[in-house]
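# A look at the structure
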Amino acid sequence: MAGKPKLHYFNARGRMEPIRWLLAAAGVEFEEKFLESAEDFEKLRNDGYLMFQQVPMVEIDGMKLVQTRAILNYIASKYDLYGKDTKERALIDMYTEGMADLYEMILLLPLCRPEEKMPRFHGQDYLVGNKLSRADIQLVELLYYVEEVDSSLISSFPLLQTMKTRISNLPTVKKFLQPGSARKPPTNAKSVEEARKILRF
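Now for a description of the structure that goes with this document. Only a predicted model underlies this, so the values are computations on that prediction, with no experimental measurement involved.

## A closer look at the pattern of salt bridges
- Summed over the entire model, instances satisfying the criterion amount to 16 salt bridges.
- Note that Arg20 is salt-bridged to Glu17, the shortest N-O span being 2.7 Å. Of this pair, Arg20 and Glu17 both sit in helix α1 (residues 17–25), three residues apart, which is roughly one turn of that helix. Taken individually, Arg20 and Glu17 each receive the classification buried, so the pair is uniform in this respect.
- Its salt-bridge partner being Glu88, residue Lys84 comes within 3.2 Å of it at the nearest N-O pair.
- Residue class for Lys84 comes out exposed when judged on its relative accessible area of 68%.

## Digging into the sheet that holds strand β2 (residues 31–34)
- Strand order across the open sheet formed by four strands is β2-β1-β3-β4, with mixed pairing between neighbours. The open sheet has two edge strands, β2 and β4 (63–66), and neither has a second partner. Averaged over all adjacent pairs, the angle separating strand axes in this sheet is 20°, with direction ignored.
- Sheet analysis places strand β1 (residues 6–9) next to strand β3 (residues 57–60), joined by three bridges and oriented antiparallel. Paired with Leu7 across the strands is Val58, a residue of β3.

## Thoughts on the packing of aromatic side chains
- Going through the model one piece at a time under the given rule, you end up with three aromatic pairs.
- Summarising the aromatic geometry, the rings of Trp21 and Tyr144 are spaced 5.6 Å apart at their centres and angled 40° between planes, so their arrangement reads as tilted. Of this pair, Trp21 sits in helix α1 while Tyr144 is found in helix α5 (residues 134–149), placing the two residues 123 residues apart along the sequence. Side by side, Trp21 and Tyr144 carry an identical accessibility label, which is buried.
- Both rings, one in Trp21 and one in Phe176, keep their centres 5.3 Å apart while their planes meet at 70°; by these two values the pair is edge-to-face. In this pair, Trp21 is assigned in helix α1 and Phe176 in helix α7 (residues 171–177), connecting sequence segments 155 residues apart. Accessibility assignment for this pair places Trp21 and Phe176 in one class, buried.
- Cluster of aromatic residues (ring-pair linked, three or more members): Trp21, Tyr144 and Phe176.
- In this structure, Lys64 packs its charged tip against the face of Tyr49, placed 4.6 Å from the ring centre.

Rules and cut-offs
Residue positions within a chain follow its written sequence, with the count starting from 1. Thresholds applied to this predicted model are a pLDDT of at least 70 for local features of residues and 80 or more for the giving and counting of side-chain atom pairs; totals over whole chains, interfaces and linings are not thresholded and use all residues. Excluded from the side-chain calculations are hydrogens and water; all other atoms, namely the structure's heavy atoms, are used. Note on definitions: salt bridges are taken to be side-chain nitrogens of Lys or Arg within 4 Å of carboxyl oxygens of Asp or Glu. We count a stretch as a helix when DSSP gives it H or I for four or more residues in a row; a strand needs E for two or more, and each element gets its number in order from the N terminus. In this scheme, a residue with accessible area under 20% of its type's maximum is buried, one over 50% is exposed, and one in between is partly exposed, where area comes from a 1.4 Å probe on protein chains only. Criterion used throughout: strands pair if DSSP finds at least two bridges between them. Here, axes are lines fitted to C-alpha atoms. For helices the fit covers the stretch in contact, and angles between N-to-C directions go from 0 to 180 degrees. To pair, rings of Phe, Tyr and Trp, with the six-membered ring standing in for Trp, must have centres within 6.5 Å; the planes then decide the type, stacked if under 30 degrees apart, edge-to-face if over 60, and tilted in the middle. The rule is short: NZ of Lys or CZ of Arg within 6 Å of the ring centre and within 35 degrees of the ring normal puts a charge over the ring.

Printed below as a string of structure tokens:
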């Protein structure tokens, strides 16, 4: 039997957090190897484990996967969170890419209330195919992040709130949301400074 996936990243959210969420939702236990120094990062680079010289990196099924979206796609496929056919996968990709754009906008621009259109769900209780998928998990992660920035931003969107509650109450996700889980606290000045030191910029 294969060992637990091993996640290599800082002890912070960043680009590893959606991977943690997806593994947790799938009920998969994982280990974390935190980068604590520039030397830890250099060792991964020098050992040839980082194809593009960046983290996150996940060791799973004998592979050392890099690039967040590639890792998410692999995990979603492996644990049946990526739709039943190519049409559902296309819809899941459409949602997750849209969320990635929104996430980047939130990170890079001052937060302002943009005009928002409610996504049309392609399922009843989930975004696609009436079954939990990667798109649902990433949407709920994003909603938690938005609430941390300003809880009023989603208060006028009852469908999003209902979906957040439904997904958050799934046993595996509920466990991940409990204190002491692998979920990381919000990014702060200290975690940013630690990442800068490790990456030497």
